[in-house]
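Coordinates in review
Spelled out from the first residue to the last, the chains are:
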Amino acid sequence: MTEREKRIREVFRNAASNMLWGDFDDEPLATENAKENSPVENNRSNLKKDTCLLGAIAGDTIGSPYEFDSNNYKGTDFPLFNKVSEYTDDSVMTVAVANAVMMGFAEGFGGEPDAAKDKFDAAKDKPDEQKTEEAMVFSMRSLGRRFPYAGYGGRFCRWLESDNPQPYNSWGNGSAMRVSAVGWAYDTLEEVEKYAEISARVTHNHPEGIKGAKAVAAAIFLGRAGKSKQEILDYVERTYGYAISQMTCDKIRPGYHMNESCQGTVPQAFCAFREGNSFEEVARLAVSLGGDSDTLCCIACAMAEAVYGIPEDIQQETINRLPEELLVILNRFQKFVAEK
Ligand SMILES: [Mg+2]
């Protein structure tokens, strides 16, 4: 590891650690009290900021050794991290969406590291739909090309390389795996759902692809807003129609196989999220279902983070496996969310 990498890791560790423990200058984090009685709408001070985004990346990393039927492990007693645990396309695209979200604010955050604006001005900086949509295409294609071997699907690879990238009506689980920044960056459920759709539709413009992204982003937002797990699940089932209440992990596990669709991954991730009572339990349950383990675990952990936060040792193991370029953007996004 170079000196520069070491320095960035150190800076990030401090930032992540401060965020985990809520050590902000003047912004109170959501507390247990806030959990019970905070209104969701427009109440920034009650929205959790925490480690934002790292949950999805941790889930991807934890699930990565177990992706595909031949690697699936249908139990919960596995080492959370091993020698082959690594970030994959889920993390690269999660960071790309975070970058695009920042770029989509009127004053422009994100983009190239040296050109980044690093202060948020709430009076002037509002999200812009068209700018965000263009930034999604730009950011996913730039980071995708810089990390070409992260494990993208075939059609997404062609979109990355195309001279004229157009949505391809996908219902793949990629829209749900990459959406978590949207759940952290906006201040109302309405905005979160609108921008989740924007993040999805540049590639995944099939109704199921859009639905998966919106449901996961909404769950993250509601978790940040202090809603209980049951309230989150009720909202998602009511609004998006996933039959989560009729599913259990034990029922899913025996017959579940590799499935790259939103409709065959997102409800399963919600089920692991419902049954796990800590970040780690959600991760273990998600992996134990089998299937597309890194993506399923990525989605479930992104939601778990909003409710439970992430244990410090899991943060550390995840950060240690991330390349500098992704860390820099992640760190900038955390600052961006913290300053909003
Ligand atoms: Mg992957």
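Here's a quick rundown of the structure. (Residues numbered from 1 in each chain as written. Predicted model: local features only at pLDDT ≥ 70, side-chain atom pairs only at ≥ 80, totals over all residues.)

In terms of helices and strands, the protein chain carries 17 helices and zero strands. Counting every position in the protein chain, which comprises 340 residues, the buried fraction comes to 51%. Contacts in the protein chain between residues far apart in sequence, at least 24 positions, make up 75% of those at least 6 positions apart. (Helix = DSSP H or I, 4+ residues; strand = E, 2+ residues; numbered from the N terminus. Buried ≥ 20, exposed ≤ 12 C-beta atoms within 10 Å, placed from the backbone. Contact = placed C-beta atoms within 7 Å.)

In this section: the nonpolar core. Counting 95 residues, the largest nonpolar core has Val 182, Val 216, Ala 286, Ala 300 and Cys 301 as its most contacted members. It is helix α15 (residues 293–308) that provides the largest number of residues to this core, a total of 12 residues. Those residues within four positions of Ala 300 in sequence are excluded, and the remaining contacts are Gly 59, Ala 269, Ala 272, Phe 273, Val 282 and Ala 286. (Core = buried A, V, L, I, M, F, W, Y, C linked by C-beta atoms within 7 Å.)

What follows deals with unusual backbone geometry. Positive phi values are uncommon outside glycine, yet Phe 68 reaches one of about 80 degrees. Checked against the element boundaries, Phe 68 lands in the loop between α3 (54–63) and α4 (89–103). Residue class for Phe 68 comes out partly exposed when judged on the 13 C-beta atoms lying within 10 Å of it. The backbone phi angle of Asn 169 is positive, close to 60 degrees, even though this residue is not glycine.

Turning our eyes to something else, we now look at the environment of Ile 310. Positionally, Ile 310 belongs in the loop between α15 and α16 (312–320). Judged by local crowding, Ile 310 falls into the buried class, with 25 C-beta atoms found within 10 Å. For the pair formed by Ile 310 and Gly 55, sequence separation is 255 residues and the distance between their alpha carbons is 6.8 Å.

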